[in-house]
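Inside the fold
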Amino acid sequence: MVRNFCLLVFRIVQLNKNVFLERYFGVLLPSKDKQKMDSDRKILSLRFNQDQGCFSCCMESGVRIYNVEPLVEKSQYDVETVGSVSKCEMLYRTNLIALVSGGTRPMFSDNILLIFDDLLKKFILEITFPSSIQAVRLRKDKIIVALLTSIHVFSFPSPTQRLFSLETIKNPRGLLELSPLGAGEKQIIIFPGHKTGSVQILDLACTEMGISSAPVWISAHKGELACLAFNQQATKIATASIQGTLIRVWDLATKTQLVELRRGTDPATIYCINFNSNSDYLCCSSDKGTVHIFAIKDPSRNKRMLIANTNFFGKYANSQWALANFTVPQECACICAFTENNSVIIAACLDGTFHKYVFNQDGNCNRDGFDVFLDVSDDVENLL
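Described below are features of the structure shown in this document.

Criteria and cut-off values
Residues numbered from 1 in each chain as written. Predicted model: local features only at pLDDT ≥ 70, side-chain atom pairs only at ≥ 80, totals over all residues. Heavy atoms only, no water. Helix = DSSP H or I, 4+ residues; strand = E, 2+ residues; numbered from the N terminus. Buried < 20%, exposed > 50% of the residue type's maximum accessible area, 1.4 Å probe, protein only. Contact = heavy atoms within 4.5 Å. Phe/Tyr/Trp six-rings, centres within 6.5 Å; stacked < 30°, edge-to-face > 60°. Polar contact = N/O pair within 3.5 Å; in protein donor to acceptor, adjacent residues only side chain to side chain. Pairing = 2+ DSSP bridges. Axes fitted to C-alpha atoms, helices over the stretch in contact; angles between N-to-C directions. 1 Å grid on protein atoms, 1.4 Å probe; cavity = no way out; pocket = protein on both sides within 12 Å on 5 of 7 lines; lining within 4 Å. Points joined across faces, edges and corners; volume = space filled by probe spheres on them. Nonpolar A, V, L, I, M, F, W, Y, C, P; charged D, E, K, R; others polar. Salt bridge = Lys/Arg side-chain N within 4 Å of Asp/Glu carboxyl O. Disulfide = S-S within 2.5 Å. Core = buried A, V, L, I, M, F, W, Y, C linked by side-chain atoms within 4.5 Å. Patch = residues over 30% accessible without salt bridge, like charges linked within 9 Å, V, L, I, M, F, W, Y side chains within 5 Å. Areas by Shrake-Rupley, 256 points an atom, 1.4 Å probe, with all protein chains shown as cover.

Glancing now at the overall build of the protein chain. Within the protein chain, the regular secondary structure consists of five helices and 29 strands. A total of 384 residues make up the protein chain; the buried ones form 53% of that total. Taking all contacts inside the protein chain whose residues are at least 6 apart in sequence as the whole, residues at least 24 apart take part in 44%.

Take a look at the structure:
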């Protein structure tokens, strides 16, 4: 226990090592060195792979890939190899990743999509677009790229050629999700529809075969969309607007709403929504650093107001609140997901910290682990 405590303290110190060295050892680092060290550890974006078993970390100093359970750094590409990177999309656990440059030391323009092969340790594909890339999604036979007002679908890996393109509403958040491979033969993408707050649904298989059909869409929210998510079976989708107070879950076959979930009453930016593997639960995280966990299969387990049976507060009184929630100590933005154990949820934060919590049927949520994932590759064992 003492050893684990020392390890935890060491990793917390590592998170802000400059302050520690100056305050306790009188070591004064040159300001330029401090700025470079701080810049190298700056995280630009985080994203899970398709089954939430890994996540990518885009930084000013390159890209890192981590396994979630256990937390292990699997790959690291420095700034000399890939430059500073703003977006990274993994292809499950394969050796291929898609990269888009960004930050202060980019190696390429942000309108160029790059495919990097970890086995060959080099770029194997480059596609240039007329404007900045907002999002990239991969499956084993396709690449889907979202620009500000268009989406482009390519065959992959060989030959790599454009299959079709379509115009969209302005999509600065790069909202675009692709049904997982675990959903059988489904090849469905969802993205903002032309009507504000709507979700457009497109079957890539039908489009590829040249079958024309009327656009399919769901009127999900009154305001602009902020986040979209598929469940692993691609039978449900979850949506949130820029207001960030409500999350709605929809049946993809019938296009009907299954449940409405309340994150809170004050506006927030929702960064991440994920279902667990069997769609019993859903989690979401926001810029307030709070992760909310909702019951989907049995919504009656979600919390409700004691005055829910009265009409004084209207629809708000009947809202379904989170079954459980927790706030990361730094209260910074994070991404969240469930592990294979459906009662365990993890959060990876933009400050480099990693949190693990366990929740039970009663909604109690307890901390089960903490780490600084930017330092997990350090040889900490030999320092204790």
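Looking now at the packing of aromatic side chains. Per the counting criterion, the structure on display carries 13 aromatic pairs. Taken together, a centroid distance of 5.2 Å and an interplanar angle of 80° make the contact between Phe 55 and Phe 373 edge-to-face. Of this pair, Phe 55 sits in strand 2 (residues 54–59) while Phe 373 sits in the segment after strand 29 (365–372), and the two are 318 residues apart along the sequence. Considered together, Phe 55 and Phe 373 belong to a single accessibility category, that of buried residues.

Let us now look at the side chain of Arg 64. Tracing the chain through its elements places Arg 64 in strand 3 (residues 62–67). Of note is the side chain of Arg 64, whose polar atom sits 2.7 Å from the backbone oxygen of Leu 374. With near-sequence residues (within four places) excluded, Arg 64 lies in contact with Phe 55, Ser 56, Cys 57, Met 59, Glu 73, Ser 75, Gln 76 and Leu 374.

Another point: the sheet that holds strand 1 (residues 43–48). Spatial strand order, 1-2-3-4: four strands in an open sheet with antiparallel pairing. At either margin of the open sheet sits one strand with a lone partner, and together these are strand 1 and strand 4 (72–78). Across the sheet, the axes of successive neighbouring strands diverge by a mean angle of 15°, strand direction being ignored. Bridge count between strand 2 and strand 3: six bridges; the pairing is antiparallel. In the strand pairing of strand 3, Cys 54 is matched with Asn 67.

Rolled over the atoms, a probe sized like a water molecule indicates the empty space that remains. As a volume, the largest pocket reaches approximately 1200 Å³. Contributing to the lining of the largest pocket are 48 residues, with Leu 46, Arg 47, Arg 137, Glu 177 and Tyr 271 lying nearest its centre. Within the residue set of the lining of the largest pocket, elements represented by two or more residues are strand 1, strand 5 (83–90), strand 6 (96–106), strand 9 (135–139), strand 13 (177–178), strand 17 (225–230), strand 21 (270–275) and strand 26 (334–338). Per-class residue counts for the lining of the largest pocket are 29 nonpolar, twelve polar and seven charged.

With antiparallel pairing, four strands are arranged side by side in an open sheet as 21-22-23-25. Strands at the two margins of the open sheet, each flanked by one partner only, are strand 21 and strand 25 (324–327). Each strand axis lies, on average, 15° off the axis of its neighbour in the sheet, ignoring direction. Summarising the sheet, strand 21 and strand 22 (residues 281–286) pair through five bridges and their orientation is antiparallel. The partner of Cys 272 across the bridge, within strand 22, is Ser 285.

Moving on to the pattern of salt bridges. This structure, assessed with the given rule, holds 14 salt bridges. Here Arg 41 ties to Asp 375 by a salt bridge, and the two come within 3.2 Å at their closest N and O atoms. Pair noted here: Arg 41 is in the loop between helix 3 (31–40) and strand 1 and Asp 375 is in the segment after strand 29, with a separation of 334 residues, a long-range link. Look at Arg 41 and you get partly exposed, because its relative accessible area is 22%. With a relative accessible area of 1%, Asp 375 lands in the buried category. Here Arg 263 ties to Asp 266 by a salt bridge, and the two come within 3.6 Å at their closest N and O atoms. A relative accessible area of 6% places Arg 263 in the buried class. Salt bridges here are not isolated pairs; linked through shared partners, they connect Arg 47, Glu 89, Arg 137 and Glu 177.

Let us look at the pairing of strand 18 (residues 236–241). Of all six residues making up strand 18, five are buried, and the element is well covered by its neighbours. With five bridges connecting them, strand 17 and strand 18 associate as antiparallel partners. Bridge pairing in strand 18 links Phe 230 to Ile 237. Two elements, strand 18 and strand 19 (residues 246–251), share five bridges in a ladder whose sense is antiparallel. Residue pairing in the sheet places Ile 237 in a bridge with Trp 250 of strand 19. Where strand 18 hands over to strand 19, the hairpin turn is made up of four residues, of which Gly 244 adopts a positive phi near 75°.

Before going further, it helps to examine the state of the cysteines. If you walk through the whole model with that rule in mind, you get zero disulfides. Cys 57 forms no disulfide, and the closest cysteine sulfur to it belongs to Cys 58, at a distance of 7.0 Å. According to the relative accessible area criterion, Cys 57 is buried, its value standing at 0%. With no disulfide partner, Cys 88 has as its closest neighbouring cysteine sulfur the one in Cys 58, 4.9 Å distant. Looking at Cys 88, the relative accessible area reads 6%, which means it is buried.

Another point: the nonpolar core. Core analysis: the biggest nonpolar cluster contains 39 residues, and Phe 55 and Phe 373 have the highest contact counts within it. Within the second largest apolar cluster, 18 residues are counted, among which are Leu 91, Ala 98, Ile 133 and Phe 154.

Taken together, the side chains of Leu 119, Leu 120 and Ile 124 present a nonpolar region at the surface, about 320 Å² in accessible area. Looking at the secondary structure, you find Leu 119 in the loop between strand 7 (112–117) and strand 8 (122–128). Looking at Leu 119, the relative accessible area reads 67%, which means it is exposed.

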